[in-house]
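Below are the chains, spelled out letter by letter.
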Amino acid sequence: MLVLSSPSGAGKTTIARGLLEKDPNLELSISVTTRPRRQGERDGIDYHFIDEPHFLEMIERGELLEHARVYGNLYGTPREPVDTALKAGRDVLFDIDWQGAQQLRGSAQADVVSVFLLPPAVAELRRRLEDRARDTADDIARRLAQVADDVTRWPEYDYVIINEALDTSLAQVRSVLVAERLRWRRQPGLFQFVERFRG
Ligand code: 5GP
């Protein structure tokens, strides 16, 4: 379970996309959210867009692995697709905030690898948020204010990357993924493999 968190506008979505493109054994966990759909977002691909009663029902039924309120909207990770992927030996990428990361660590500490992306500078962050022009001025102001809190969460993560250049950051996250896959606890066939040399 590879968790990627960052304050809004630090480049996380682009990096997530880059990781998924190059790695057939990695799949994205598609969250449910009560946030209104932005222009260009597709239901079932970027998020499952649902209303609040439906969201609360999913919590009630235990269908969410974690959930949190972020920037005034509800977000959550559906449990079933994650279970299915992990059982099939695939890795899952989570684009979730620090609250969700905390909950995942609480329920599956040994399986979670977490990476925190930091934006290079406040001015750059503001420029990125304004450039993408998907949010209203109010939204952007709220997100910038929230960033001040969010950045303090970095020590809770296994890895921290300052996203100066997307290509470099992408290569760095990929290195984390490759290295973490080589941990012997994550290579279930190793005992049988080595037994062959003793036979
Ligand atoms: P956005 O509205 O920009 O798509 O996402 C806002 C924030 O919510 C981002 O930091 C994103 O990582 C986080 N987020 C998205 N999906 C989930 C989720 O399922 N759970 C949690 N805890 N956070 C999420």
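As shown above, the structure is provided for reference.
This text gives an overview of the structure that appears in the document. (Residues numbered from 1 in each chain as written. Predicted model: local features only at pLDDT ≥ 70, side-chain atom pairs only at ≥ 80, totals over all residues. Heavy atoms only, no water.)

### Let's talk about the sheet that holds strand β2 (residues 26–28)
Thinking step 1. Taken together, the five strands give an open sheet; going across it, the order is β2-β7-β1-β8-β9, and neighbouring strands pair in parallel fashion. The open sheet terminates on both sides in strands that have one partner only, identified here as β2 and β9 (159–162). On average, each strand axis in the sheet is tilted by 25° relative to the strand beside it, whichever way the strands run.
Thinking step 2. Taken together, the four bridges between strand β1 (residues 2–5) and strand β8 (residues 113–118) define a ladder with parallel strand orientation. By the bridge assignment, S5 is partnered in β8 with F116.
Thinking step 3. Together, β2 and β7 (91–95) form the strand contacts of helix α3 (residues 79–87), whose direction differs from that of β7 by roughly 145°. (Pairing = 2+ DSSP bridges. Helix = DSSP H or I, 4+ residues; strand = E, 2+ residues; numbered from the N terminus. Axes fitted to C-alpha atoms, helices over the stretch in contact; angles between N-to-C directions. Contact = heavy atoms within 4.5 Å.)

### A word on the side chain of T34
Thinking step 1. As for its position among the elements, T34 is in the loop between β3 (32–33) and β4 (48–49).
Thinking step 2. Take T34: its relative accessible area is 19%, and that puts it in the buried class.
Thinking step 3. A polar atom in the side chain of T34 sits 2.9 Å from the backbone nitrogen of L74.
Thinking step 4. Not counting chain neighbours up to four residues away, the residues in contact with T34 comprise I50, D51, E52, F55, N73 and L74. (Buried < 20%, exposed > 50% of the residue type's maximum accessible area, 1.4 Å probe, protein only. Polar contact = N/O pair within 3.5 Å; in protein donor to acceptor, adjacent residues only side chain to side chain.)

### Considerations on the site of the ligand
Thinking step 1. Taken together, the neighbourhood of the ligand is formed by 18 residues, with S31, R35, Y47, Y75 and D95 sitting nearest.
Thinking step 2. Taking Y47, its side chain carries an N or O atom lying 2.5 Å from an oxygen atom of the ligand.
Thinking step 3. Contact with the protein chains removes 94% of the 510 Å² of surface that the ligand exposes when unbound.
Thinking step 4. Classifying every residue of the shell around the ligand gives six nonpolar, five polar and seven charged. (Near = heavy atom within 4 Å. Areas by Shrake-Rupley, 256 points an atom, 1.4 Å probe, with all protein chains shown as cover. Nonpolar A, V, L, I, M, F, W, Y, C, P; charged D, E, K, R; others polar.)

### A short note on the layout of surface pockets
Thinking step 1. Estimated volume of the second largest pocket: approximately 580 Å³.
Thinking step 2. Around the second largest pocket, the lining comprises 16 residues; the ones closest to its centre are M1, D91, D111, R185 and R186.
Thinking step 3. Among the elements that take part in the lining of the second largest pocket, helix α7 (residues 166–181) stands out by supplying three residues, more than any other.
Thinking step 4. When grouped by side-chain class, the residues that make up the lining of the second largest pocket number seven nonpolar, one polar and eight charged. (1 Å grid on protein atoms, 1.4 Å probe; cavity = no way out; pocket = protein on both sides within 12 Å on 5 of 7 lines; lining within 4 Å. Points joined across faces, edges and corners; volume = space filled by probe spheres on them.)

### What about a nonpolar patch on the surface?
Thinking step 1. Taken together, F193, V194 and F197 make up a surface patch of nonpolar side chains, about 320 Å² in accessible area.
Thinking step 2. Looking at the secondary structure, you find F193 in helix α8 (residues 190–198). (Patch = residues over 30% accessible without salt bridge, like charges linked within 9 Å, V, L, I, M, F, W, Y side chains within 5 Å. Salt bridge = Lys/Arg side-chain N within 4 Å of Asp/Glu carboxyl O.)

### Quick notes on the packing of aromatic side chains
Thinking step 1. What the rule picks out here adds up to five aromatic pairs.
Thinking step 2. Between the aromatic rings of Y47 and F49, the centroid separation amounts to 5.7 Å while the plane-to-plane angle is 65°, which identifies the pairing as edge-to-face. Each member of the pair, Y47 as well as F49, carries the same accessibility label: buried.
Thinking step 3. For R105, the ring lying beneath its charged end belongs to Y157, and the centroid distance is 4.8 Å. (Phe/Tyr/Trp six-rings, centres within 6.5 Å; stacked < 30°, edge-to-face > 60°. Lys NZ or Arg CZ within 6 Å of the ring centre and 35° of its normal.)

### Things to note about the packing of helix α1 (residues 12–22) against α7
Thinking step 1. Across the interface, α1 lies against α7 with an axial gap of 10 Å and an inter-helix angle of 55°. By the criterion of interaxial angle, the relationship of α1 to α7 is oblique. When the axes of α1 and α7 are compared, the crossing they make is right-handed. On α7, the residues touching T14, I15, G18, L19 and K22 of α1 are L166, S169, L170, V173 and R174.
Thinking step 2. Taken together, the residues that form the contact of α1 with α7 break down as five nonpolar, three polar and two charged. (Parallel < 35°, antiparallel > 145°, perpendicular 65-115°, else oblique. Left-handed = near helix turned anticlockwise from the far one by under 90°.)

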